[in-house]
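Close look at the chain arrangement
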Amino acid sequence: NLPKQKTRSTRLSAYVQDTYRMASPLGLWTLNAGLRMAYWDWNRELIVSPRASIGLVPAFNEDFTFRFATGLYYQAPFYKEFRDTTTTGHTTTVTLNRDIKSQRSIQVVGAMDYQFRVWDRPFKFTSEVYYKALSNLIPYNIDNVRIVYYGENCAKGYATGLDMKLFGEFVPGTDSWLTFSVMDTKERINGGDWIPRPTNSRFCASLYFTDFFPGTDRWKMSLQGTYADGLPFGPPHTGREKHTFNAPAYKRVDIGMSYRLL
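Residues numbered from 1 in each chain as written. Predicted model: local features only at pLDDT ≥ 70, side-chain atom pairs only at ≥ 80, totals over all residues. Heavy atoms only, no water.

Notes on the nonpolar core
How we decide: By nonpolar core we mean a set of buried residues, namely Ala, Val, Leu, Ile, Met, Phe, Trp, Tyr and Cys, connected to one another through side-chain atoms within 4.5 Å. For each residue, the accessible area found with a 1.4 Å probe, counting protein chains only, is set against the maximum for its type, and the residue is called buried under 20%, exposed over 50%, and partly exposed in between. Residue contacts are counted whenever heavy atoms from the two residues lie within 4.5 Å of one another.
Ranked by size, the top nonpolar core spans 6 residues in total: Leu134, Leu137, Cys154, Ala155, Ile189 and Ile195. If sequence neighbours within four positions are ignored, Ile189 has contacts with Pro139, Tyr150, Cys154, Ala155, Ile195, Arg240 and Glu241. The next biggest cluster of nonpolar side chains, apart from the first, holds 5 residues, and it includes Trp40, Trp42, Ile100 and Ile138.

Structure (structure tokens):
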């Protein structure tokens, strides 16, 4: 007979949020602020997550929008993240870590939007720079397509980067965009050296372009391309501390066509 185990847990959550708008000689200000709270009786954790975002549409040029946001964010663990599996001989034992805590991120984001017209068509350029201080991280190994978590909060890290996007009607009546991002994210496991996180793709450029076939607006072609830095990897059957190499760059191009019947 297989052993049976029943686990029961209760989660309680609540949030409050409001938006304020105010005009001043500098322009139109928008403040969005909120507070989230949650309690999980399984690990007896109470989390409080405040966040706020301030936006300004300046009086000197209403085509610009400036934003600043900050907050304290949590990600509650899933089952696989607090499960610890050990195998001795032919016996596998699974234990659940009741002392697990939610992963935490203190985030600071600055952004700018600019709307303009070229060839009498609407375009929008957005840029965003961010820094995230990460703590209570639950590291994991990637074994082919299988993800194995450490099962405990034994790491801290950071993520910082810049995202830029140009969006608009390069062809009248269609939406296209071009993006470019740079990022650096690292972590320390059990107080060791800084190593790249599994998602550390240091740059990524992507394009999405749509156009109609000549003489008709029923046939449409879409082209999407991506060029990104390779993800970290290491020798087989080793821990994350050895995953300090980078895979070759990721390159992909997709083309598609559609026909509008009605």
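Structure shown, so let's carry the discussion forward.
With respect to a nonpolar patch on the surface
Basically, it comes down to this: Every patch collects residues that have over 30% relative accessible area and no salt bridge, joining them within 9 Å if they carry like charges and within 5 Å if they are nonpolar side chains (Val, Leu, Ile, Met, Phe, Trp, Tyr). Under the convention used here, a 1.4 Å probe and the Shrake-Rupley method define accessible areas, while residue burial counts only the protein chains that appear. For salt bridges, the criterion is a side-chain nitrogen of Lys or Arg within 4 Å of an Asp or Glu carboxyl oxygen. Runs of H or I in DSSP of at least four residues are treated as helices and runs of E of at least two as strands, each being numbered from the N terminus.
A contiguous nonpolar surface patch, about 610 Å² in accessible area, is contributed by Leu12, Val16, Leu35, Met37, Tyr39, Leu46 and Val48. Listed by contribution, the elements that provide at least two residues to the nonpolar patch are β1 (11-24), β2 (27-40) and β3 (45-58). With 3 residues, β2 is the largest single contributor of residues to the nonpolar patch. Mapping Val16 onto the fold places it in strand β1. Judged by its relative accessible area of 54%, Val16 falls in the exposed class.

Here's the deal with the environment of Ala52
With respect to the helices and strands, the residue Ala52 is situated in strand β3. For Ala52, a relative accessible area of 30% translates into the label partly exposed. Spatially, the C-alpha atom of Ala52 lies 9.5 Å from that of Leu72, the residues being 20 residues apart in sequence. Not counting residues up to four positions away in its chain, the partners in contact with Ala52 are Asn32, Ala33, Phe68, Ala69 and Thr70.

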